[in-house]
Each structure stands twice: as structure tokens, then as C-alpha cells.
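Observations on the model geometry
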Amino acid sequence: QVQLVESGGGLVQAGGSLRLSCAASGRTFSPVAMGWLRMAPGKERQFVAAINWGTGITVYADSVKGRFTISRVRAKNTMYLQMNSLRTEDTAVYYCATTHSWGAVVYRDQEYDSWGQGTQVTVTS
């Protein structure tokens, strides 16, 4: 069983920054990759970014490229999402998740097997 705990969400003005963290624990924690996905009110869950746990290779949704940076510290089993130049459309609940897949499939939320409880990010104009 894998436990994921997100933190770092909050309320920020447009143009501001936030840093999300996701701490993983559990004896079976050995993902191929981890990702951040988000769900805005009235919308479907959306892929944000993913990182290959072993190589550190990253992929991003077009909507966040150049503004968000995903990273991880393997020794701490922790993943981060640095979010800069935030926009009102970034408002959502952000989830971290693990997957045993890599490649184009990491954009699909069905590929993720363990999920955190989510952290709210609200960007005001």
C-alpha cells in the first residue's frame, strides 16, 4: 500500500507562485513515474506534469509549460510542483499520483494507481 500526502496549496493572486509537495510512504512504493493532475470545478481531471522516478525525465501539459516545474528527491520519496506565473484558470484541486507506466500514456489519469487526497489551489484575479 502506498500513501501519498500533498501539501502547499493555498490562495494566491494571479502572477504569484506556489510550491506543492507530495510525500510518499509505504513498503510497496516503487513507481515508474509520478504525476500531478488537477480537477477544476465542473471539469474533468486534467494532466499537469509527470516525472520518471528513475531518470528524472519530465513531461508537461501544454497549458503549464514554461510556468510549472516538476521535480523529485528520491532519497525523501518526495515530489514537488513549483508553480509560477499562476493564472486564474490554474484554480483546481491538485492531486499527486503514482504510475507503473511511462511514455504517452502518462497523460491519461487511468494510468495512475495510487492517489493523494488533493490540495486546493485558488488563484484570484
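Residues numbered from 1 in each chain as written. Predicted model: local features only at pLDDT ≥ 70, side-chain atom pairs only at ≥ 80, totals over all residues. Heavy atoms only, no water.

**Observations concerning the packing of aromatic side chains**
Under the defined criterion, the tally for this structure stands at four aromatic pairs. Plain terms: the ring middles of Tyr 95 and Trp 115 are 6.2 Å apart, the flat faces sit at 80 degrees to each other, and that makes the pair edge-to-face. In this pair, Tyr 95 sits in strand E9 (residues 92-99) while Trp 115 sits in strand E10 (residues 112-115), placing the two residues 20 residues apart along the sequence. The buried category is assigned to Tyr 95, whose relative accessible area is 18%. Assessed through its relative accessible area of 25%, Trp 115 is described here as partly exposed. Over the aromatic face of Tyr 80 sits the side chain of Arg 19, whose NZ or CZ is 4.0 Å from the ring centroid. The side chain of Arg 45 reaches across the aromatic face of Trp 115, ending 3.9 Å from its centre. (Phe/Tyr/Trp six-rings, centres within 6.5 Å; stacked < 30°, edge-to-face > 60°. Helix = DSSP H or I, 4+ residues; strand = E, 2+ residues; numbered from the N terminus. Buried < 20%, exposed > 50% of the residue type's maximum accessible area, 1.4 Å probe, protein only. Lys NZ or Arg CZ within 6 Å of the ring centre and 35° of its normal.)

**So, the nonpolar core**
Formed by 36 residues in total, the largest nonpolar core has its most connected members in Trp 36, Met 79, Leu 81, Met 83 and Tyr 94. In this structure, Tyr 94 is in contact with Glu 6, Leu 20, Trp 36, Leu 37, Arg 38, Val 48, Phe 68, Leu 81, Met 83, Gly 118, Thr 119 and Val 121, ignoring residues within four places of it in sequence. (Core = buried A, V, L, I, M, F, W, Y, C linked by side-chain atoms within 4.5 Å. Contact = heavy atoms within 4.5 Å.)

**Examining a nonpolar patch on the surface**
Judged by side-chain polarity, Val 32, Ile 57 and Trp 102 come together as a nonpolar surface patch covering roughly 230 Å² of accessible area. You can see Ile 57 is positioned in the loop between strand E5 (46-52) and strand E6 (58-60). (Patch = residues over 30% accessible without salt bridge, like charges linked within 9 Å, V, L, I, M, F, W, Y side chains within 5 Å. Areas by Shrake-Rupley, 256 points an atom, 1.4 Å probe, with all protein chains shown as cover. Salt bridge = Lys/Arg side-chain N within 4 Å of Asp/Glu carboxyl O.)

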